[in-house]
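Here is how the chains run, residue by residue.
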Number of protein chains: 4
Amino acid sequence: MGSTFGHLFRVTTFGESHGGGVGAIVDGCPPQLELSEADIQVDLDRRKPGQSKIVTPRREDDRAQILSGVFEGKTLGTPITILVQNKDARSQDYSEMAEKFRPSHADATYQAKYGIRNWQGGGRSSARETIGRVAAGAIAKKILKQVAGVEIIAYVKQVKDLVVPHIDPNTVTMEQVESNILRCPDPEMAAKMIDFIDKIRREGNSVGGIVECVARNVPIGLGDPVFDKLEADLAKAVMSLPASKGFEIGSGFDGVCLTGREHNDEFYMEGDRLRTRTNNSGGIQGGISNGENIILRVAFKPTATILLEQKTVSVSGEETTLTGRGRHDPCVLPRAVPMVEAMVALVLCDRYLTQKTISL
Amino acid sequence: MGSTFGHLFRVTTFGESHGGGVGAIVDGCPPQLELSEADIQVDLDRRKPGQSKIVTPRREDDRAQILSGVFEGKTLGTPITILVQNKDARSQDYSEMAEKFRPSHADATYQAKYGIRNWQGGGRSSARETIGRVAAGAIAKKILKQVAGVEIIAYVKQVKDLVVPHIDPNTVTMEQVESNILRCPDPEMAAKMIDFIDKIRREGNSVGGIVECVARNVPIGLGDPVFDKLEADLAKAVMSLPASKGFEIGSGFDGVCLTGREHNDEFYMEGDRLRTRTNNSGGIQGGISNGENIILRVAFKPTATILLEQKTVSVSGEETTLTGRGRHDPCVLPRAVPMVEAMVALVLCDRYLTQKTISL
Amino acid sequence: MGSTFGHLFRVTTFGESHGGGVGAIVDGCPPQLELSEADIQVDLDRRKPGQSKIVTPRREDDRAQILSGVFEGKTLGTPITILVQNKDARSQDYSEMAEKFRPSHADATYQAKYGIRNWQGGGRSSARETIGRVAAGAIAKKILKQVAGVEIIAYVKQVKDLVVPHIDPNTVTMEQVESNILRCPDPEMAAKMIDFIDKIRREGNSVGGIVECVARNVPIGLGDPVFDKLEADLAKAVMSLPASKGFEIGSGFDGVCLTGREHNDEFYMEGDRLRTRTNNSGGIQGGISNGENIILRVAFKPTATILLEQKTVSVSGEETTLTGRGRHDPCVLPRAVPMVEAMVALVLCDRYLTQKTISL
Amino acid sequence: MGSTFGHLFRVTTFGESHGGGVGAIVDGCPPQLELSEADIQVDLDRRKPGQSKIVTPRREDDRAQILSGVFEGKTLGTPITILVQNKDARSQDYSEMAEKFRPSHADATYQAKYGIRNWQGGGRSSARETIGRVAAGAIAKKILKQVAGVEIIAYVKQVKDLVVPHIDPNTVTMEQVESNILRCPDPEMAAKMIDFIDKIRREGNSVGGIVECVARNVPIGLGDPVFDKLEADLAKAVMSLPASKGFEIGSGFDGVCLTGREHNDEFYMEGDRLRTRTNNSGGIQGGISNGENIILRVAFKPTATILLEQKTVSVSGEETTLTGRGRHDPCVLPRAVPMVEAMVALVLCDRYLTQKTISL
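Values in this document were obtained by computation on a predicted structure and should not be read as measured data.

When chain D is fitted to chain B, the best match, at an RMSD of 0.0 Å, comes from turning it 180° and sliding it 0.0 Å along the axis. On the angle and the small slide along the axis, the relation comes out as a two-fold axis.

Structure representation (structure tokens):
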């Protein structure tokens, strides 16, 4: 249970970090969309391990194979199956994890919930599961781009206490984001952050940070009161990513320090278009997109797997210590950027299709 | 669409702020639970308007009536219908809102999405809709208490920039929370906050703040990887409440300033029980409850309806001004406390029932 | 669980035969549909008890009250709540049923499943539950009529072994159906059937029969392969009605006696429109409507409640006898006709809205 | 959309008859079930083409490969992915179908619905899609067997107008069913039917028939009033199979010729167990299993693809003729038998898991 996301654009992911492979089925993709494996590969490459010195060195090509749902270069309206085979799986690195729970990892809770777990590399809780999300998200992005020119761009805004001073989400470009291995659009700060992460990596430690995401040209009217408010669906989407600890939209937590008079986004007309002067709402009012840019932030904790000795407990209930081995990310942020974009795209695409149902 | 929440403990709310009434259907409540209207009324009274000088003076008794699903004092396993009639509805206060969009309110987006809206008092986007949530949440709380002794307590932690210095979520009591009209367990700070909100109210302005919520005695194993992680469902739940702008679990946004070594929650044994020394995880690891207290925070923006003149636009697209009328909350927090508890209870109850399905 | 039907046009019914009332919430109804209680009452009157000598004499006005979702005569896009209060509930007639299971009724299985049941009049398993379905179906019919001119007409085709010799589902009219209290469009056979049912009623016995239903002007393309084939959804819909024992579409069970050459519906062009010469498919091919009339039949067993002595078992497990009391239908068919129409309408409306989502 | 079935034991199938492969994801399978590819292969072999002279000669091994969800021979509680690659796909046989609609096939409706279709071999509407169902059904059967000793056996009861005179569903064995290539437990009638089908095959024509299915040892209490009645879910399940035209449970269509007194199943005690003397109810009362054997029948039409000339219309709207080519089944029944079993198993397993959620 819990491996399916969305109602009309419905994604089911599968796979463990070690085993036959990982991937996704996308059911509900509209027919006649031009789609090839290359469309998907772009984002998989942004997500894949081994892409730089500040991510895990595990070597996986992560080549997407489309098994169904596409015919002569176009979607059929039937389920699209995407498979990525696992290759560089070194189970032996994980033999100690078979016996000991990694602190702040999913080992203990999976064992408690299921009474069994694939201890090789994290099993289902591995970040490899997000391959299916990113692949499905690439399709959602393509649809949104085609039907409404929607652009979804995420980027690193903070690493530990290093904060990018000025990024304007209204104008940031994918080129700026992709200009460095961290995916931070401020090159100067990016350099500092990369050095810092590299230092942390050498120490065997890890750090977290904040990813900000903007969705531009989002059609007005997306989101369904009352439980399926657009911000609620976005929150669920990104909070289901590994290592996420917080979500905020628009003014977010800082917004509580404003009064209503300061916080309210006054309306004005820009030609025929209803606009707001400020965007504390983050593009959503009453759970429904208002046509302004959707802006959200996600807090990611430092990676749980570290290469330092920690106190823990064994499967049989004895206190012990564990020193992490295996390949790991010192900071999830560079690879989390495409994941956040994917989850935002899945929500917007699903809500876009839903919105089409309400007119008589 | 969007008015149903949960899979196995499934709540559907209905109703606008003006009209025949509001309420909820709860489908999936286990049979043979002792249940009366009094069980529900307790939380409805904590939520209702007119309860103190710092909330809206609208006078509603908000008496819950159970129309179905209970027989001779016990639940039948069939849908429980709860109806609360609307009484003190002064539509005339809202006639100007029929023509002008309130800034940062749902008026404009509902109009854009549906082409029609009930402009009386906020219609479906009114906080009155949460009556159905709180009523259903009271049932969920009763189940959780009975099956596992779960306690869910929310409270005000911050009003604008006034922060309660020390609250220990592990020991805070409902009595402390209910000891003042703000529902802040620190009486001294509560008094300051109440004075401040009262001052803001007299100015016709509004403020927001932060509600913290703890769930204690939560069974291990709740939450379903990968999309239905417990923190993801909790995030969706509370981000679907009116005026919420941010969510965090455990260390949350502050956690990004720690390294992995500092952030990881080391395991130890407390007798037979696997525990963690710290609780940066907020009671959830890998999307699954680990038996530690679940601790989360929700940011609420200042109420959108203020009694000051604001620039806005009319339904016909002309720039104009609007000075709020009608009765409104200067600060949603005291009434948001039972709403947050309700949403947390709905998630935990649904995940609890789901968890029962996985053992052979 | 199990009280919700549909995905985008989503109906949740509630209520027991005795208690505060019965009804439905319709979530997902498109906004701006003109809707009044009168639209719903027409079908409720066709369903209600006491309408003729061949149905139960229980006296209920079954007046529909719309509690939410409609404003100034139009739907808001928010949940529509319809409540019908229970009035003529004589619980005392059922006191013996508190202790003894009625054969072929739901008493024993509800007791086994839930460990509790409302023994008054059938509780949740009462035909009164279908009030919510018929009310929701009336809304679905109105939408389908407005968007595509869809007509849904059901009628009695067989009572016990009395079969109407010739009805052409392609031309039958609602006036013909409503011309007699049985809802059989053949007046001569209807008279015989009515006499027969009346005789059976006087004997305290009961009979079943077959309802046929046609949906005309159904848009091409409704239905979603592979599990949500249109005939699969229709089958589920009508097989969820009380007392239904069989479903068939198009040629149905008789179709197995044809060869492929005889059964296949050859295509031809009628002007610009693709048609089939025969309609053994019943308007559905590959799970998708093909524009021909949808024709289905439902078998209803004889009513379980009879006024004759039967052997049975008590709640405490002792063999005993039971002689039915209370008011009951000697034949469910006249009242099943609007129920079948409602269920067909719910399916078609839901699939119609779904179909709108697939175009880019 | 429409490729997912079930709520807690949730199956999503994928794949077209030509392309990378077909299969299923099973989400919600309880952990710690012993499971290997051999468990699945048994039923796939009963379903596969080329198994005898009365089914399509297409040569496919249909070897199941488990890509995820199983670790060291046991299920993990995570999604189980089963992939069967397509091998003997002769697309050239279908080139004419690219231009012309096969009568009573899904060609025209897929084209109308999606504006595109994979014309190779039926694409998504091909019986190859049922591989995923049968694979998932094999897992469901194993669970049901293990937890309650449930046995599900289907068999051919009628081919065209050849009806097996006596089969007792209460005692029929899998050995009897599998004793001949038709899967009819009456060897004498089976021989006649096989000869008849072979004759029809040589003529290039096709025939249909009726499959009966019994589920024994079904726990009491499965099925969820009111829309998710057990017979409703079973009806949907089997009516979603290719070529099915009718469904009946227990007495079915014949039951309408009995009076209530004749039809009602009187209760008696067999030791401590509540039983019914007759089983016109087919093991289900009020939508809930009563512990008696569940008995249902499914009508299958003659296969649409025949090797005779038929009138039809081209994609461009011109009247033409088509003579079927490609390999096809003259009668779907022998291969439909495991499909019916699978669908029944999927429903029962899902309802079994659901039932576990209702006790406090």
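Now for the relation of the copies chain D and chain C. Mapping chain D onto chain C calls for a rotation angle of 180° and an axial translation of 0.0 Å; the resulting RMSD is 0.0 Å. Most of the interface of chain D is mirrored in chain C: 100% of its interface residues are interface residues there too.

Moving on, we come to the interface of chain D and chain B. Accessible area lost upon the coming together of the parts serves often as the stated size of an interface. Across the contact, 13 residues belong to chain D and 13 residues belong to chain B. Here chain D packs against chain B, burying approximately 1300 Å² in sum over the two surfaces, 67% of which is carbon and sulfur. On the chain D side of the interface with chain B, the three residues burying the most area are D:K356, D:T357 and D:L360, jointly 47% of the side's total. The interface formed by chain D and chain B holds 0 salt bridges in total.

In the contact formed by helix α1 (residues 37–47) of chain A and helix α8 (residues 333–355) of chain A, the axes pass within 7 Å of each other and the chain directions differ by 145°. Residues A:D43, A:R46 and A:R47 of α1(A) form the contact with α8(A), whose own contacting residues are A:P334, A:R335, A:V337, A:P338, A:M339 and A:E341.

Turning next to the environment of D:V315. Within the secondary structure layout, D:V315 lies in the loop between β17 (309–313) and β18 (319–323). Apart from residues lying up to four places away in sequence, D:V315 is in contact with D:A98, D:E99, D:K100, D:F101 and D:R117.

This brings us to the interface of chain D and chain C. The partner chain C presents 101 residues to the 101 residues of chain D that form the contact. Carbon and sulfur atoms supply 62% of the area that chain D and chain C bury against each other, a total of about 7900 Å² over both sides. The interface formed by chain D and chain C includes 6 salt bridges. Partitioned by chemical class, the residues of the side of chain D that touches chain C number 43 nonpolar, 35 polar and 23 charged. The pairing of strand β11 (residues 244–249) of chain C with strand β11 (residues 244–249) of chain D spans 3 bridges and is antiparallel.

Residues and elements named next belong to chain D. What the 5 strands build is an open sheet, ordered β1-β2-β3-β7-β4; its pairing is antiparallel. Edge strands, defined here as strands with exactly one partner in the open sheet, are β1 (4–5) and β4 (65–68). As judged from the 2 bridges shared by β1 and strand β2 (residues 10–14), these two strands associate in the antiparallel manner. Residue pairing across strands places T4 opposite T12, the latter belonging to β2.

Here the focus is the UniProt feature "binding site: FMN" (unreviewed entry) in chain A. Under the present numbering, the feature "binding site: FMN" (unreviewed entry) in UniProt falls on A:R124, A:S125, A:S126, A:G286, A:K301, A:P302, A:T303, A:A304, A:T305 and A:R327. Their sequence span is 204 residues, while the largest C-alpha to C-alpha distance among them is 44.1 Å; these annotated residues do not converge on one region. Checked against the element boundaries, A:P302 lands in the loop between β16 (294–300) and β17 (309–313). On the basis of relative accessibility, which here comes to 0%, the residue A:P302 falls in the buried class. The contacts of A:P302, once residues within four sequence positions are left out, are A:S206, A:V207, A:G208, B:G255, B:L258, B:T259, B:G260 and B:H263.

The next thing to look at is the pattern of salt bridges. One pass over the structure, following the stated rule, counts 132 salt bridges over all chains. A salt bridge links A:D198 to A:R201, with the nearest nitrogen and oxygen atoms 3.0 Å apart. A residue pair is termed a helical-turn pair when its members lie 3 or 4 positions apart in one helix, as A:D198 and A:R201 do in helix α5 (residues 187–202) at 3 residues. Residue classification places A:R201 among the partly exposed residues on the basis of a relative accessible area of 32%. Among the charged side chains, a network of salt bridges with common partners joins A:K113, A:K236, B:D224, B:D228, B:D233, B:D350 and B:R351.

With that out of the way, let us pick up the packing of aromatic side chains. Under the defined criterion, the tally for this structure stands at 18 aromatic pairs over all chains. Ring geometry for A:F71 against D:W119: centres 6.0 Å apart, planes inclined by 85°, an arrangement best described as edge-to-face. Of this pair, A:F71 sits in strand β5 (residues 70–71) while D:W119 sits in the loop between α2 (107–114) and α3 (130–148), on two different chains. On the basis of relative accessibility, which here comes to 9%, the residue A:F71 falls in the buried class. Since its relative accessible area comes to 19%, D:W119 is described here as buried. Here C:R277 stacks its cationic end above the ring of C:Y268, 3.9 Å away from the centre of that ring.

Definitions and limits used
Residues numbered from 1 in each chain as written. Chains lettered and ligands numbered in written order. Predicted model: local features only at pLDDT ≥ 70, side-chain atom pairs only at ≥ 80, totals over all residues. Heavy atoms only, no water. Least-squares fit on C-alpha atoms with pLDDT ≥ 70 in both. Contact = heavy atoms within 4.5 Å. Buried area = accessible area lost by both parts, 1.4 Å probe. Salt bridge = Lys/Arg side-chain N within 4 Å of Asp/Glu carboxyl O. Axes fitted to C-alpha atoms, helices over the stretch in contact; angles between N-to-C directions. Helix = DSSP H or I, 4+ residues; strand = E, 2+ residues; numbered from the N terminus. Nonpolar A, V, L, I, M, F, W, Y, C, P; charged D, E, K, R; others polar. Pairing = 2+ DSSP bridges. UniProt positions renumbered as here; feature names shortened; annotations may be inferred. Buried < 20%, exposed > 50% of the residue type's maximum accessible area, 1.4 Å probe, protein only. Phe/Tyr/Trp six-rings, centres within 6.5 Å; stacked < 30°, edge-to-face > 60°. Lys NZ or Arg CZ within 6 Å of the ring centre and 35° of its normal.

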